[in-house]
Amino acid sequence: MAMAKLRVEVDPKVCVGCMACVNALPAVFTPNHHRQSLADNLDSAAPAEIIEAAEACPTGAISVFDAITGERLFPQ
Amino acid sequence: MAAELNTDIYTADAFADPYTFYGRIRENDPVHFSEQYETWLITRYEDVSWLLKRPELFSSELVRRDSRAPAPPIDPADADELRFITEFRAKEFIQSDPPAHSRMRAVLNKYFSPKGMERWREAVRGAVNGLLDAATAHETNVDIAEQLARPLPLLVISEMLGIPTADRPLVKRQADERMLSALSLQPDRMRRSAAGIRESSAYLNRQIDSRLAQPQDDLLGTLAEAERSGQYDREEVLANAQSLIDAGHETTIQLICNGVLAFLRNPDQWKKFCADPEALVETATEECLRFDPPLPAPRRIAAKDIELRGKTIKVGDRVTWVIAAANRDPQAFERPDEFDIMRSPNRHLSFGSGIHYCLGQYLARIEGQETFIALARRFPTIRLKDDALEYAPIRGVRMLKSLPVAL
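Residue numbers run consecutively from 1 along every chain, following the written order of its sequence. Labels follow written order: the first chain is A, the first ligand is 1, and so on. In keeping with the model being predicted, local features are shown solely for residues with a pLDDT of at least 70 and side-chain atom pairs are shown and tallied solely at 80 or more, while totals for entire chains, interfaces and linings include all residues. Note that the side-chain values use all heavy atoms of the structure and ignore hydrogens as well as water.

Chemist: What is the right way to look at the sheet that holds strand S1 (residues 31-34) of chain B in this model?
Modeler: Two modes of strand pairing occur in sheets, parallel and antiparallel, and in both the strands are linked by backbone hydrogen bonds. Residues and elements named next belong to chain B. Here the rule is simple: two strands pair whenever DSSP picks up at least two bridges between them. Strands here mean DSSP runs of E at least two residues long; helices mean DSSP runs of H or I at least four residues long; both are numbered from the N terminus. Read from one edge of the open sheet, 5 strands run S1-S2-S8-S5-S3, paired in mixed fashion. Unpaired on one side and paired on the other, S1 and strand S3 (58-59) mark the two borders of the sheet. By the bridge criterion, 4 bridges tie S1 to strand S2 (residues 39-42) in an arrangement that is antiparallel. The residue of S2 that forms the bridge with Val31 is Ile42. Should any heavy atoms of two residues lie within 4.5 Å, those residues are considered in contact. Whenever a helix is involved, its axis is fitted only over the stretch in contact; in every case the axis is a line through C-alpha atoms, and angles between N-to-C directions fall within 0 to 180 degrees. Taken strand by strand, helix H3 (residues 45-52) contacts S1, S2, S3, strand S5 (299-302) and strand S8 (318-321), and its axis lies near 120° from that of S8.

Chemist: Would you explain the pairing of S5 of chain B in this entry?
Modeler: Consecutive side chains along a regular strand alternate between the two faces of the sheet. Residue and element names in this part refer to chain B. In terms of strand pairing, S3 meets S5 through 2 bridges, oriented antiparallel. Bridge pairing in S5 links Ser59 to Ile301. Across 3 bridges, S5 lies against S8 in antiparallel orientation. Note on S8: the bridge partner recorded for Arg299 is Thr320.

Chemist: What am I meant to see in the sheet that holds strand S9 (residues 383-384) of chain B here?
Modeler: Residues and elements named next belong to chain B. Spatially, 3 strands are ordered S4-S10-S9 in an open sheet, and the strand pairing comes out antiparallel. At either end of the open sheet lies a strand with only one pairing partner, and these are strand S4 (141-143) and S9. Here S9 runs beside strand S10 (residues 404-406); their pairing, made up of 2 bridges, is antiparallel. Its bridge partner being in S10, Arg383 is matched across the sheet by Ala406.

Chemist: Would you mind going over the interface of chain B and chain A with me for this structure?
Modeler: It is common to report an interface's size as the accessible area lost on association of the parts. Taken together, the contacts link 18 residues of chain B with 20 residues of chain A. Around 1,500 Å² of area is buried between chain B and chain A when both sides are counted, 50% of it from carbon and sulfur atoms. Note: buried area is the sum, over both parts, of the accessible area (probe 1.4 Å) each one loses when the two are combined. Of all residues in chain B, Lys53, Lys110 and Arg347 of chain B bury the most surface against chain A, accounting for 32% of the area lost on that side. Each reported salt bridge corresponds to a side-chain nitrogen of Lys or Arg within 4 Å of a carboxyl oxygen of Asp or Glu. Viewed at the interface, chain A and chain B are joined by 2 salt bridges. One salt bridge connects Arg35 of chain A with Glu56 of chain B, and the closest N-O pair in it is separated by 2.8 Å.

Chemist: Explain the packing of helix H16 (residues 267-275) of chain B against helix H17 (residues 277-291) of chain B here, please?
Modeler: Helix-helix packing: each pair is described by the crossing angle between the helix axes and the interaxial distance. All names here are of chain B. Contact pair H16 / H17: the axes reach a minimum separation of 6 Å and the direction vectors enclose 130°. Between H16 and H17, the angle is such that the two are oblique. Contacts from Lys272, Phe273, Cys274 and Ala275 in H16 reach Pro277, Leu280, Val281 and Ala284 in H17. Gly is placed with the polar residues, together with every amino acid not listed as nonpolar (Ala, Val, Leu, Ile, Met, Phe, Trp, Tyr, Cys and Pro) or charged (Asp, Glu, Lys and Arg). Each residue belonging to the contact of H16 with H17 can be placed in one class, and the counts come to 7 nonpolar, no polar and 1 charged. Our angle categories are set so that under 35 degrees counts as roughly parallel, over 145 as roughly antiparallel, 65 to 115 as roughly perpendicular, and the remainder as oblique.

Chemist: What exactly am I supposed to notice about the packing of aromatic side chains here?
Modeler: Think of a pair of aromatic rings as described by two things: how far the centres are apart, and how the planes are tilted against each other in angle. Residue and element names in this part refer to chain B. Pairing of aromatic side chains requires ring centres within 6.5 Å, counting the rings of Phe and Tyr and the six-membered ring of Trp. Pairs whose planes differ by under 30 degrees are stacked, by over 60 edge-to-face, and all others tilted. For the coordinates displayed, the defined rule picks out 13 aromatic pairs over all chains. Ring centres 5.5 Å apart and planes at 85° place the aromatic pair Tyr45 and Phe333 in the edge-to-face group. Here Tyr45 is found in helix H3, whereas its partner Phe333 is found in the loop between helix H18 (323-326) and helix H19 (361-378), with 288 residues between them in sequence. Each member of the pair, Tyr45 as well as Phe333, is classed as buried. Where Trp50 meets Phe58, the ring centres are 5.8 Å apart and the plane angle is 80°; that geometry is what we call edge-to-face. The cut-offs for exposure are 20% and 50% of the maximum accessible area for each residue type, with area from a 1.4 Å probe on protein chains only; residues under the lower value are buried, those over the upper are exposed, and the others partly exposed. Residue Trp50 is classed as partly exposed on the basis of its relative accessible area, which comes to 28%. Above the ring of Phe84, the side-chain terminus of Arg198 is found at 4.1 Å from the ring centroid. The criterion is that NZ of a Lys, or CZ of an Arg, lies within 6 Å of the ring centre and within 35 degrees of the ring normal, and then a charge sits over that ring. Here Arg328 stacks its cationic end above the ring of Tyr19, 3.9 Å away from the centre of that ring.

Chemist: Explain the pattern of salt bridges here, please?
Modeler: Here the idea is simple: oppositely charged side chains can pair when their charged atoms come close. Residue and element names in this part refer to chain B. One pass over the structure, following the stated rule, counts 47 salt bridges over all chains. Between Glu370 and Arg125 there is a salt bridge, and its shortest N-O distance comes to 2.8 Å. With Glu370 in helix H19 and Arg125 in helix H8 (residues 121-135), this pair connects stretches of sequence that are 245 residues apart. Of the residues examined, Glu370 reaches a relative accessible area of 3% and is grouped as buried. Taking the relative accessible area as the measure of exposure, Arg125 reaches 32% and is therefore partly exposed. The closest approach of N and O atoms between Asp305 and Lys314, which form a salt bridge, is 4.0 Å. On the basis of relative accessibility, which here comes to 44%, the residue Lys314 falls in the partly exposed class. Residues participating in the shared-partner salt-bridge network are Glu118, Arg121, Glu122, Arg125 and Glu370.

This is the structure in structure tokens:
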């Protein structure tokens, strides 16, 4: 069964670079040169893992969407 | 001139008004070395923000890496107690660098996420109103510090940890003693703190053992599960449970007291807030945090030699990052000394930044928000009973001794 395609946004105005998402899911979340998170390689993890990593963000900087429908999956 | 700066951080003037005191240092010598307390004072917003995102340069392993004698001095007979406290506290994640920090914090991140904490809002609201009901049952003169700010956060963190109601006075007393090593300036502080840690560990050992025997869905249960799965050892469980109790209540007390005081000393802002508290509470609470932060000046320790604004910070040097100065830096905030509940954006540093960004920041915000809303809705005519307020002569936390108001 094909996995859902996701789109992940990290709000740079809100991300404080705590690395909670990087530690939770390093295959997807990496720090950029400003030490804020970037989401990439979304196919390397299950959607539930990505949503769980987004949930670990203490500032709510990460939003997860269904890439096809645009539906917001997290936060709901 | 920098050489003439008064940098005695434990004087009555500095306790009463840290903003003028640290602001003078920020404007004259923003990366200043205090000979008296053997620490660098980093005071500009830009520098503090940069420092907080560089844990490889500025270590959090304070107790482990700082072998200098405590200042002010302790009773020489307590050297063994100091060693005990050092070894115990070195297991806290807030006193750790990666990878230990990442491993320990990962266990708690999800619990303290905005979504996780939002589930507690109703309970916090009920607790605030319950305390206000009790405080005003027979009296309209109330000490906000004693009757609202101190009991509320302990009640909430105790509920989260799963500490039975009957045990909470004991847990509070242990926490007050334990925190003396970090807060007090008295020579007997290590002895009392060590006793508090031992008592608290004995109590928490029983709590953790019971959760290992029969899992419980609370924060102590989360730590017990981390021990069972090998993510924490028992000493880490005990050190971090105690750290959660301390951090989970002491700073929020000051957010509430300092925030209420800022409102009362700025009646135009209080009036504006009371007109629509629910709509304004988020920006107002952030402004309370910026304007008078609970922790004015936390510390790191230099892990490497660092050049900053022409100064050389040497490996092993103490580095104090002065939130009280950074949050009032005119290069980062317009009208920095004005209390403006509509301020937005408001990227204050009261919860830090980077990997040590305050774990409980969302909980603290909820407790502050619900308190300010309840006061505005129920007691919009609240006023200060006595403007001559005193701050406790302690390190680290900006603590009002009392906050008497008429409701």
